Structure formats: C-alpha cells, structure tokens
Amino acid sequence: MGIGLKVPVKDAEEVKKKLLSTGAFYKGRKVKYHKNFVIFPLKKKVYLGDEYQIVEEDFQKIGRKSFREYLQEFLDSEELKKVHRSFDIIGDLAIIEVPDELRIHEKRIAESLAKAHKNIKGVFKKAGAVKGDLRTRELKHLWGQKSTVTLHREHGCLFRVDIAGVYFSPRLAYERQRILQQVRDGEVIVDFFAGVGPFSILLAKNRDVKVYAIDSNPRAYELLKENILLNKVADKVTALLGDCRQVAPEEADRAIMNLPLHSHKYLDLAFDVVKDGVIHFYTVSPEEDLFTSKERLVMEVAEEKNRKATILNRKVVRPYAPRRYHIVLDVSVED
Ligand SMILES: C[S@@+](CC[C@H](N)C(=O)[O-])C[C@H]1O[C@@H](n2cnc3c(N)ncnc32)[C@H](O)[C@@H]1O
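How each quantity is defined
Residues numbered from 1 in each chain as written. Predicted model: local features only at pLDDT ≥ 70, side-chain atom pairs only at ≥ 80, totals over all residues. Heavy atoms only, no water. Helix = DSSP H or I, 4+ residues; strand = E, 2+ residues; numbered from the N terminus. Buried < 20%, exposed > 50% of the residue type's maximum accessible area, 1.4 Å probe, protein only. Contact = heavy atoms within 4.5 Å. Pairing = 2+ DSSP bridges. Axes fitted to C-alpha atoms, helices over the stretch in contact; angles between N-to-C directions. Right-handed = clockwise from strand over helix to strand, strands pointing away. Near = heavy atom within 4 Å. Polar contact = N/O pair within 3.5 Å; in protein donor to acceptor, adjacent residues only side chain to side chain. Areas by Shrake-Rupley, 256 points an atom, 1.4 Å probe, with all protein chains shown as cover. Nonpolar A, V, L, I, M, F, W, Y, C, P; charged D, E, K, R; others polar. Domains from an automatic or database assignment. Phe/Tyr/Trp six-rings, centres within 6.5 Å; stacked < 30°, edge-to-face > 60°. Parallel < 35°, antiparallel > 145°, perpendicular 65-115°, else oblique. Left-handed = near helix turned anticlockwise from the far one by under 90°.

> Please clarify how unusual backbone geometry should be interpreted in this entry.
The backbone phi angle of K35 is positive, close to 50 degrees, even though this residue is not glycine. The residue K35 is located in the loop between β2 (32-34) and β3 (37-42) in this model. Overall, K35 belongs to the exposed group, its relative accessible area being 74%. Phi at H155 is positive, roughly 50 degrees, even though this residue is not glycine. The exposure class of H155 is partly exposed, given its relative accessible area of 34%.

This is the structure in structure tokens:
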C-alpha cells in the first residue's frame, strides 16, 4: 500500500507539475484513474489545498503488467468480462473464483494473478460455498505453494490462518476497526464465534480488556491459541474450545456474534451473558427487509428476557449473496 493525492481531472495537469517540482511525485508507480479523479502516487505527504485528499492506494509498479493485462494475453473480451476481479488475499495466499465456462483457463488465470502480485505464493480456487457449523469451504489448488497455512497481517496484528481449515475473511477488516472504536478499557468481552481471533486479538491488543474467545472448530481453536501467543495477549484473552452454549462465561459487558447465518439462534444466550452492555449481532438479510425483521427479533428476545434493548447502530457490512446482505445491529442492553 502506498499513498496518493486524489485530484479532480480538471486540476490534474497543474497539480502534477507542482508534485514533480517538489519531488513528491512517485515516478516508479502508475497513476490511477477513478471516475472524475486522478490519483497521483506520492513519495511523501504533501498539502496543496483542502480540495485534494491524501488516500491509501495500491499503486502498480511501472513496467509491471496488471492482472487484466496478463489475462488479455489468452482471454477474449467476452471471457475477460466473466473473470471475477475481486479476489481475497490472505497472507501470501490468494483465493479466486473461476466461473465454470473458464475452467479450462483456471491455471493460467491463477498464474496471471501471481505474476501481477509478486507477494502471492499460492493461488486457490473456491470449490464450494462456505458451509456447515464450522463455516469452512472446499478449495482447489491452482498455482504455487500447496500449503494452505499462511500468516496474515491486519491492523498491526498477526494471524496464522489455515484457509482450508477455518473461516477467515479479510473483507471484515474495516468492521473489526469499527468495533474497536466502541470498546473501552476495563470491559469484559465475549467473542462467541471467534475463529482464529481477528476480533478478540485486535481488541485485546489495543485496549485493557478481558476477552473470552470461543470457537467450536478444533483447528480454529489451535490457531487462536497460537495467535494469542504471537500477538502477546495471553494475559487478556482466554481461548475456549466448544459450543458457546456450553462454555460461555456467565457475564460480559459486550458480546460479538459473527456467525451471520445462525447467530439469531444464540440471541437468548447473548442476553443472558450481557446483563448491561452491548451486543453486536451479525446476521444476513434480504435487500427488501434489511433491518426491520431482525430488529423485531432482537426486541422479542429482549422482552422474553425482561430487558430493555435499544438499537445503537444498524449497518450493512457487505454483500453476502445476490440481493442478500451481511448486516450488523449494535444493540445496547439494560436491566
Ligand atoms: C463466520 S466464522 C467467524 C470467525 C471470526 N469471528 C472472523 O471474523 O473471522 C464463525 C465461527 O463460529 C464457529 N462456530 C459455529 N458454531 C459455533 C458454536 N455453536 N459455538 C462456538 N463457535 C461456533 C465456527 O467454527 C467459525 O469459526
């Protein structure tokens, strides 16, 4: 990642001259274009007026071909349109989607991605949906390193991840930061569906908190324990293996419920554990009813439990499937 200056197209020429004359322009990187803006790669931060924003961008090295340019060498324009441009990079491994019509090209597509992103050591294809209680998916190896274990860095934390054995999504990085902004020192937090610990460890690393991180997948638990040591938060995070109904602590100030398709089945447990605090309820909703039914459900459980619940925030986290969204409700709970 580098930094860039986002400039309206109309000012681009003049700004470029200024950047070149001050030595701030990064000559070894390609300029990017976004709608009516040009993004100039920078070597150092520069202020040329409030109207020009400094942004974080992944600039391509000059002389290096892009993923698309490599694909153009063997795909025609119709095929090119079908390649899913969005892929996940976890540590030094990439996970891509290849539509069935392009299956004969899958190895070359994988190789193209690796050539365009030199930090990628292995490429895998999604060979099924995320499924089962453990939320894992089948992968097919296409290129490079065969081991599915990697080391991923996010917000200054390190996570050992086995992309075939556990759930991990780098697309939730922003959401994890959003939760961190709400957490205060002194809190007791329960992460009901912790995986390898991306929420739990981020919170423990940045706040003086006590976290109970639960997962029922033995492989996730093993990596969670490793990640707790790797990030030096063993005094703050307790890893618990098992069904959260069996192993959850009796009381906490905050609960994180990131098991989108099934978390509603555990809302009663969250209300039992969080007597006075906040529940982050992640779920999946259809486009036509993003929040109403889910908010109603929260209120029904609150009433059953004789508690007062208030929706603090309602937010779409990301698209989940066609016309379905991963959403979150931040729910304040009072006695
Ligand atoms: C969608 S993943 C989320 C992992 C992690 N929070 C993250 O953001 O990467 C859900 C996790 O919940 C775990 N899980 C499913 N049912 C569970 C249960 N009843 N009790 C504890 N963990 C459970 C799965 O093994 C999986 O690792």
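> What is the right way to look at the environment of I62 in this model?
Tracing the backbone through its elements, the reader meets I62 in the loop between β4 (53-57) and α2 (67-72). Sequence separation between I62 and N227 is 165 residues, and the spatial gap between their C-alpha atoms is 37 Å. Ignoring any residue separated from it by four or fewer positions in sequence, one finds I62 in contact with K27, G28, R29 and K30.

> What is the right way to look at the environment of P170 in this model?
By secondary structure assignment, the location of P170 is in the loop between β10 (157-162) and α5 (173-182). Among the residues examined, P170 registers a relative accessible area of 17% and is labelled buried. Along the backbone, P170 and I89 are 81 residues apart, and their C-alpha atoms lie at a distance of 7.5 Å. Filtering out sequence-adjacent residues up to four positions away, P170 remains in contact with D88, I89, I90, H152, E154 and R176.

> What is the right way to read the sheet that holds strand β12 (residues 210-215) from this model?
The sheet built from 7 strands is open, its strands ordered β13-β12-β11-β14-β15-β17-β16 with mixed pairing. Where the open sheet ends on each side, the last strands, each with one partner, are β13 (237-241) and β16 (308-321). Averaged over all pairs of adjacent strands, the angle between their axes in this sheet comes to 15 degrees, without regard to strand direction. Here strand β11 (residues 188-191) pairs with β12 via 4 bridges, running parallel. What sits directly across from D191, in β12, is A213.

> Quick question: what am I supposed to make of the pairing of β11 here?
Regular strands place side chains that alternate from one sheet face to the opposite one. Read from β11 through helix α6 (residues 198-206) to β12, the crossover connection turns out right-handed. Summarising the sheet, β11 and strand β14 (residues 252-257) pair through 3 bridges and their orientation is parallel. By the bridge assignment for β14, D191 is matched with I256.

> Explain the site of the ligand here, please?
For the ligand, the set of nearby residues contains 22 residues, the closest of which are D133, F193, D215, C244 and N258. Taking F193, its main chain carries an N or O atom lying 2.7 Å from a nitrogen atom of the ligand. Here an oxygen atom of the ligand and a side-chain polar atom of D215 are 2.7 Å apart. Its free accessible area being 590 Å², the ligand has 97% of it covered by the protein chains. Mapped onto the shell around the ligand, the elements with two or more residues apiece are α6 and β12. For the shell around the ligand, the class distribution of residues is 12 nonpolar, 5 polar and 5 charged. Domain assignment of the residues forming the shell around the ligand places at least three in each of domain 2 (67-147) and domain 3 (154-334).

> Just checking my understanding: could you explain the packing of aromatic side chains for this structure?
Centre-to-centre distance and the angle between the planes together describe a pair of aromatic rings. Counted according to the given criterion, the structure contains 6 aromatic pairs. On the basis of an interplanar angle of 55 degrees and a centroid distance of 5.8 Å, the ring pair of F25 and F40 is categorised as tilted. With a gap of 15 residues between them, F25 in the loop between α1 (12-22) and β2 and F40 in strand β3 connect regions that are remote in the sequence. A relative accessible area of 8% means that F25 is categorised as buried. Residue classification places F40 among the buried positions, given a relative accessible area of 3%. When the centroid spacing of 6.2 Å and the interplanar angle of 40 degrees are considered together, the rings of F159 and F168 count as tilted. By the burial criterion, F159 is buried, and F168 matches it.

> How should I be thinking about α6 in this particular structure?
Side chains that are three or four residues apart share a direction in an α-helix, a result of its 3.6 residues per turn. By the criterion of burial, α6 is predominantly enclosed, with 7 of the 9 residues buried. Buried within α6 we find P198, F199, S200, I201, L202, L203 and A204.

> What should I look at first to understand the sheet that holds β3 in this one?
Strand pairing in a sheet relies on backbone hydrogen bonds. The paired strands run either parallel or antiparallel. Taken together, 4 strands build an open sheet; the order of strands is β2-β3-β1-β4 and the sheet is antiparallel. Of all the strands in the sheet, the pair left with one neighbour each is β2 and β4. Within this sheet the neighbouring strands show an average axis-to-axis angle of 35 degrees, counted without direction. Contacts from α1 reach β1 (2-8) and β3 within the one sheet, and its direction differs from that of β3 by about 5 degrees.

> What is the right way to look at the packing of α5 against α6 in this model?
When two helices pack together, their arrangement is captured by the angle between the axes and the distance separating the axes. Interhelical geometry of α5 versus α6 gives an angle of 40 degrees and a closest axis separation of 10 Å. Here α6 runs oblique to α5, going by the angle between their axes. Considering how the two elements wind past one another, α5 and α6 form a crossing that is right-handed. Every residue of α6 that contacts α5 at E175, R176, Q177, I179 and L180 is listed here: P198, F199, L202, L203 and N206. Grouping the amino acids of the contact of α5 with α6 by side-chain chemistry returns 6 nonpolar, 2 polar and 2 charged.

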